[in-house]
Amino acid sequence: MADAAIATNVVAGTIVTELTATLTAAAFAATAPTSTGTSSASSSSVTANICQPNTITIVVLALVGVALLVYIASLVLAAIFMYLRDSNMKWDVLGAHLAVWLGGLMLLIGYGIGSYREKTCLNAHISAPYWYYFGVAVILAGYLWILQNAIRGSTSQYLRNIVNGGSFADYIDRVRKGSAYLGFRVECYHEKEKTKEVPIVSSNNGRVKTTYITEKYKERVSKHTAELAFPVAGCRDASGSINAPNGCALVKISCKKEFRFENDQARARFNSERDNFYDQHQDHDEEMDKEVVFNINGFKKHVMLLNNKGAINYLILLNDWVFKIASVLMLGYFYETWLERNCHEVSYTFVKVFQV
């Protein structure tokens, strides 16, 4: 009896154990798909969130793009104004400004397309970086041209040579009474060949590689310079008359100068002295630059004249540094347009006649 009870207990324990294992397996099998589905849905949600384009980025890019287009349109309107006034268009400066902003617009569009494709999981990046390199090259070339215009352009020269006080006629009269100098100058030189390492940037599958090549160039080496004043007996002014624009506060004077001789004998002596001077220095080096030097005391090629009391209203803006800052901020062409609008431009030639 005892043995039967023990056997019965063993069988019952075995059945309970197997049932427990079966229920546990069933429960695991029932919960596994649910867990996997939850994980899959979560992953899909994360992916969807990553693939959604950033609205703020799109808005910012759109606003910057609109600003660039407005700036370009303003440049075109300024150019039309200059053209209608029959003013100096300065096509090079206008083209430089347009190049900078068009290059910026090109970079903006390229960045926007690449960013949108990445965010929307299209996996279609603009693979070749030449798009960006070309845009950067256009921007740098245009900006450097704008800066050199701010330093060496005619507007900068006008602003550096402002004559305050007196009338237009007074300024012309002062230069006409100024003394003149006539002479010869030579510079003897040769060219020396040198070499330099030039970087070459290339790209392959998005990887930028820089290699260097040896390039030959020639450098000018000056060995001898000389100058001789041409002896004259006298000099008189033969400049023509000009109508003074008294009603305009600002006058831009574009000046030229030329010389003549009293008679043919004086011209012949000048030619003889010049040729003898050149011959004396011909053998100092391989090459020689020849120049006739003619100066008038007080002469400047570009002069800005404050013609009357109304010019005081422009004194704050009539400054070379204001123009340079405007150029750095990409507003130089608008400054020059403003200057053209408020200035009367005059050309005048000073003529001196020498006696020998």
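Every value quoted in this text rests on a predicted model; they were computed, and no experiment measured them.

Quick question: what am I supposed to make of the overall build of the chain here?
From N to C terminus, the chain includes nine helices and eight strands. Classification of the 356 residues of the chain by burial places 30% in the buried group. In the chain, the proportion of contacts linking residues at least 24 apart, taken out of those at least 6 apart, comes to 83%. Taken as a whole, the chain presents about 22,300 Å² of accessible surface, with 58% of it coming from carbon and sulfur.

So what exactly am I meant to see when it comes to the environment of A229 here?
Along the polypeptide, A229 turns up in strand 3 (residues 207-229). Note: C-alpha distance between A229 and V293 (64 residues apart in sequence) is 8.6 Å. Beyond its immediate sequence surroundings of up to four residues, A229 is in contact with Y181, L182 and G183.

Honestly, the packing of aromatic side chains in this entry has me stumped. Any pointers?
Two measures describe an aromatic ring pair: the distance that separates the ring centres and the angle between the ring planes. For the coordinates displayed, the defined rule picks out 16 aromatic pairs. Ring centres of F230 and F261 lie 6.5 Å apart, and the angle between their planes is 85°; this geometry places the pair in the edge-to-face category. Here F230, found in the loop between strand 3 and strand 4 (234-237), pairs with F261, found in strand 5 (residues 250-261); they are 31 residues apart in sequence, far enough to count as distant. Neither F230 nor F261 differs from the other in exposure class; each is buried. Aromatic pair F277 and Y278: ring centres 6.2 Å apart, planes at 55°, arrangement tilted. Residues F277 and Y278 agree in their burial class; the two are buried. Aromatic ring contacts, followed pair by pair, group F184, F230, F259, F261, F270, F277, Y278, F294 and F354 into a single cluster.

Can you walk me through unusual backbone geometry in this structure?
Among all residues save glycine, negative phi is the norm, and among peptide bonds the norm is trans. Phi is positive for M330, close to 65°, though the residue is something other than glycine. Looking at the element boundaries, M330 is found in the loop between helix 8 (320-328) and helix 9 (332-342). Note on M330: relative accessible area 6%, which makes it buried.

Looking at this model, I keep getting lost on the pattern of salt bridges. Mind explaining?
Taken as a whole and judged by the stated rule, the model has 13 salt bridges. As a salt-bridge pair, K352 and D237 come within 3.4 Å of each other at their nearest N and O atoms. Here the residue K352 occupies a position in strand 8 (residues 343-355), and D237 occupies one in strand 4, the gap between them amounting to 115 residues. A relative accessible area of 2% places K352 in the buried class. The salt bridge partner of R260 is E258, with a shortest N-O separation of 3.0 Å. When its relative accessible area of 33% is taken as the criterion, E258 is described as partly exposed. A cluster of three or more residues bridged by salt bridges with shared partners is formed by R160, D320 and K324.

Please explain helix 8 as it appears in this structure.
Think of an α-helix as 3.6 residues a turn; residues three or four steps apart then line up on the same face. Taken together, the buried positions of helix 8 are occupied by D320, F323, K324, A326 and S327. Within helix 8, the buried residues cover an arc of 160° as seen down the axis, which keeps them to one side. In this structure, helix 8 carries W321 and I325 as exposed residues pointing more than 90 degrees from its buried face. In this structure N319 caps helix 8, since a side-chain oxygen of it lies 2.7 Å from the backbone nitrogen of W321. Once helix 8 ends, the next one or two residues include M330, with phi positive near 65°.

How should the side chain of H281 be read in this particular structure?
As for its placement among the helices and strands, H281 is situated in the loop between helix 7 (264-280) and strand 6 (287-296). Looking at H281, the relative accessible area reads 12%, which means it is buried. H281 has contacts with V186, C188, H224, A226 and M288, leaving out every residue within four places of it along the chain.

How should the nonpolar core be read in this particular structure?
A general tendency of soluble globular proteins is for nonpolar side chains to be buried together. Membership of the largest hydrophobic core comes to 28 residues, with the highest contact counts inside it found for Y171, L182, I253, F261 and F350. Going through the elements one at a time, helix 6 (168-176), strand 2 (180-204), strand 5, helix 7, strand 6, strand 7 (302-306) and strand 8 are the ones with two or more residues in this core. When near neighbours in sequence (up to four residues on either side) are disregarded, F350 contacts I172, V175, R176, S239, C255, K256, K257, E258, I296 and F299.

Before we go on, may I ask you to explain the side chain of E336 in this structure?
Relative to the assigned elements, E336 resides in helix 9. Separated by 2.6 Å, the side chains of E336 and T155 make a polar contact.

Help me out: how do you make sense of the packing of helix 8 against helix 9 in this one?
Each pair of packed helices gets described by two things: the angle between the helix axes and the distance between those axes. Across the interface, helix 8 lies against helix 9 with an axial gap of 7 Å and an inter-helix angle of 135°. Judged by the inter-axis angle, helix 8 sits oblique to helix 9. Packed against helix 8, whose contacting residues are V322, F323, A326 and S327, the element helix 9 presents G332, Y335 and E336 at the interface. Taken together, the residues of the contact of helix 8 with helix 9 sort by class into four nonpolar, two polar and one charged.

Before we go on, may I ask you to explain empty space enclosed by the protein in this structure?
Taking a probe equal in size to a water molecule and rolling it over the atoms shows the remaining empty space. Taken as a whole and assessed by the stated rule, the structure comprises one cavity of 30 Å³ or more. Of the volumes computed, that of the largest cavity is approximately 30 Å³. K90, T155, K252, E336, L339 and E340 together form the lining of the largest cavity. Residue composition of the lining of the largest cavity, grouped by class: one nonpolar, one polar and four charged.

Cut-off values and rules
- Residues numbered from 1 in each chain as written.
- Predicted model: local features only at pLDDT ≥ 70, side-chain atom pairs only at ≥ 80, totals over all residues.
- Heavy atoms only, no water.
- Helix = DSSP H or I, 4+ residues; strand = E, 2+ residues; numbered from the N terminus.
- Buried < 20%, exposed > 50% of the residue type's maximum accessible area, 1.4 Å probe, protein only.
- Contact = heavy atoms within 4.5 Å.
- Areas by Shrake-Rupley, 256 points an atom, 1.4 Å probe, with all protein chains shown as cover.
- Phe/Tyr/Trp six-rings, centres within 6.5 Å; stacked < 30°, edge-to-face > 60°.
- Salt bridge = Lys/Arg side-chain N within 4 Å of Asp/Glu carboxyl O.
- Arc of directions from axis to C-beta.
- Polar contact = N/O pair within 3.5 Å; in protein donor to acceptor, adjacent residues only side chain to side chain.
- Core = buried A, V, L, I, M, F, W, Y, C linked by side-chain atoms within 4.5 Å.
- Axes fitted to C-alpha atoms, helices over the stretch in contact; angles between N-to-C directions.
- Parallel < 35°, antiparallel > 145°, perpendicular 65-115°, else oblique.
- Nonpolar A, V, L, I, M, F, W, Y, C, P; charged D, E, K, R; others polar.
- 1 Å grid on protein atoms, 1.4 Å probe; cavity = no way out; pocket = protein on both sides within 12 Å on 5 of 7 lines; lining within 4 Å.
- Points joined across faces, edges and corners; volume = space filled by probe spheres on them.

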